[in-house]
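# Examination of the molecular architecture
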Amino acid sequence: PAALGTATAPRAAAAGQSSDRLIKRLQAASGEILNVSDAMQAASRAFIQGFDESQIVRVMEAARQLSKIAGKDVVEAFNDITVAVTTGMTRQLKTTYGVVIDAEQAVKDFAAANGRAAEDVTELGKAQVILAAFFTRSAPQVRALPEAHRSESEEVQRLRNNLEQLKEDLGK
């Protein structure tokens, strides 16, 4: 047991460093709007759905830009995108963010390109296909919006989340 604890300590430390790095990357991608709790929740939800670190950060970058179109906060946009991609229910992306994805067709195209039947694509595979389609289809909207400066809405979100973070830190 003692040897097991010693052997797993480096892995645990690496996982901690990795999660700290991801949180920092998500905070940067959101325009420093997210507090630590929001970043951890967003990351854990996306990891459960099979996204890797770079995909999670890219979704956050897109969510920041698309939230400006929809008048929503960044966390809400991130969650909307994650749910739509992982469930295949992409209609909300069209109505809320102007991103049109035919999830069923994307999966069929992927399956045909790989010599498989669409029914044989796993749920995780479908989510990855829809995520790739999301990145492609959202690119024009994401590029069209300025990134460098925070909008007034983003500044309000950042201040609100800083206050939440302070409350959490004081409660520890």
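Read on for an overview of the structure. (Residues numbered from 1 in each chain as written. Predicted model: local features only at pLDDT ≥ 70, side-chain atom pairs only at ≥ 80, totals over all residues. Heavy atoms only, no water.)

The next thing to look at is the overall build of the chain. Scanning the chain from N- to C-terminus turns up eight helices and zero strands. In sequence order, the secondary structure elements of the chain are arranged as α-α-α-α-α-α-α-α. Within the chain, the proportion of its 172 residues that are buried is 38%. Residue pairs in contact within the chain that sit at least 24 positions apart in sequence constitute 64% of those at least 6 positions apart. (Helix = DSSP H or I, 4+ residues; strand = E, 2+ residues; numbered from the N terminus. Buried < 20%, exposed > 50% of the residue type's maximum accessible area, 1.4 Å probe, protein only. Contact = heavy atoms within 4.5 Å.)

Turning to the packing of aromatic side chains, a few remarks are in order. What the rule picks out here adds up to one aromatic pair. With a centroid separation of 5.8 Å and an interplanar angle of 55 degrees, the aromatic rings of Phe134 and Phe135 are classed as tilted. A cation over an aromatic ring shows up here: Arg58 above the ring of Phe135, its NZ or CZ 3.7 Å from the ring centre. (Phe/Tyr/Trp six-rings, centres within 6.5 Å; stacked < 30°, edge-to-face > 60°. Lys NZ or Arg CZ within 6 Å of the ring centre and 35° of its normal.)

Those residues of helix 6 (residues 103-113) that sit buried are Ala103, Ala106, Val107 and Ala111. Mapping the buried residues of helix 6 onto a view down its axis gives an arc of 130 degrees, with all of them on the same face. Exposed side chains of helix 6 directed beyond 90 degrees from the buried face belong to Ala112 and Ala113. Taken together, the buried residues of helix 6 touch helix 7 (123-144). Downstream of helix 6 by one or two residues, Gly115 has phi in the positive range, about 65 degrees. (Arc of directions from axis to C-beta.)

Moving on: the environment of Val36. Within the secondary structure layout, Val36 lies in helix 2 (residues 36-48). The exposure class of Val36 is partly exposed, given its relative accessible area of 31%. For the pair Val36 and Asp20, spaced 16 residues apart in sequence, the C-alpha to C-alpha distance is 9.4 Å.

Tracing the backbone through its elements, the reader meets Thr90 in the loop between helix 4 (74-87) and helix 5 (91-97). The buried category is assigned to Thr90, whose relative accessible area is 7%. Within the local environment of Thr90, its side chain forms a polar contact with the backbone oxygen of Ile101, the two atoms lying 2.8 Å apart. (Polar contact = N/O pair within 3.5 Å; in protein donor to acceptor, adjacent residues only side chain to side chain.)

If you look at the biggest cluster of nonpolar residues, it comprises 42 residues, and the most contacted ones within it are Leu26, Met60, Leu66, Phe78, Ile81, Leu93 and Phe134. Every element with two or more residues in this core is listed here: helix 1 (2-29), helix 2, helix 3 (53-70), helix 4, helix 5, helix 6 and helix 7. Ignoring any residue separated from it by four or fewer positions in sequence, one finds Met60 in contact with Leu26, Ala29, Ser30, Leu34, Ala42, Val74 and Phe78. (Core = buried A, V, L, I, M, F, W, Y, C linked by side-chain atoms within 4.5 Å.)

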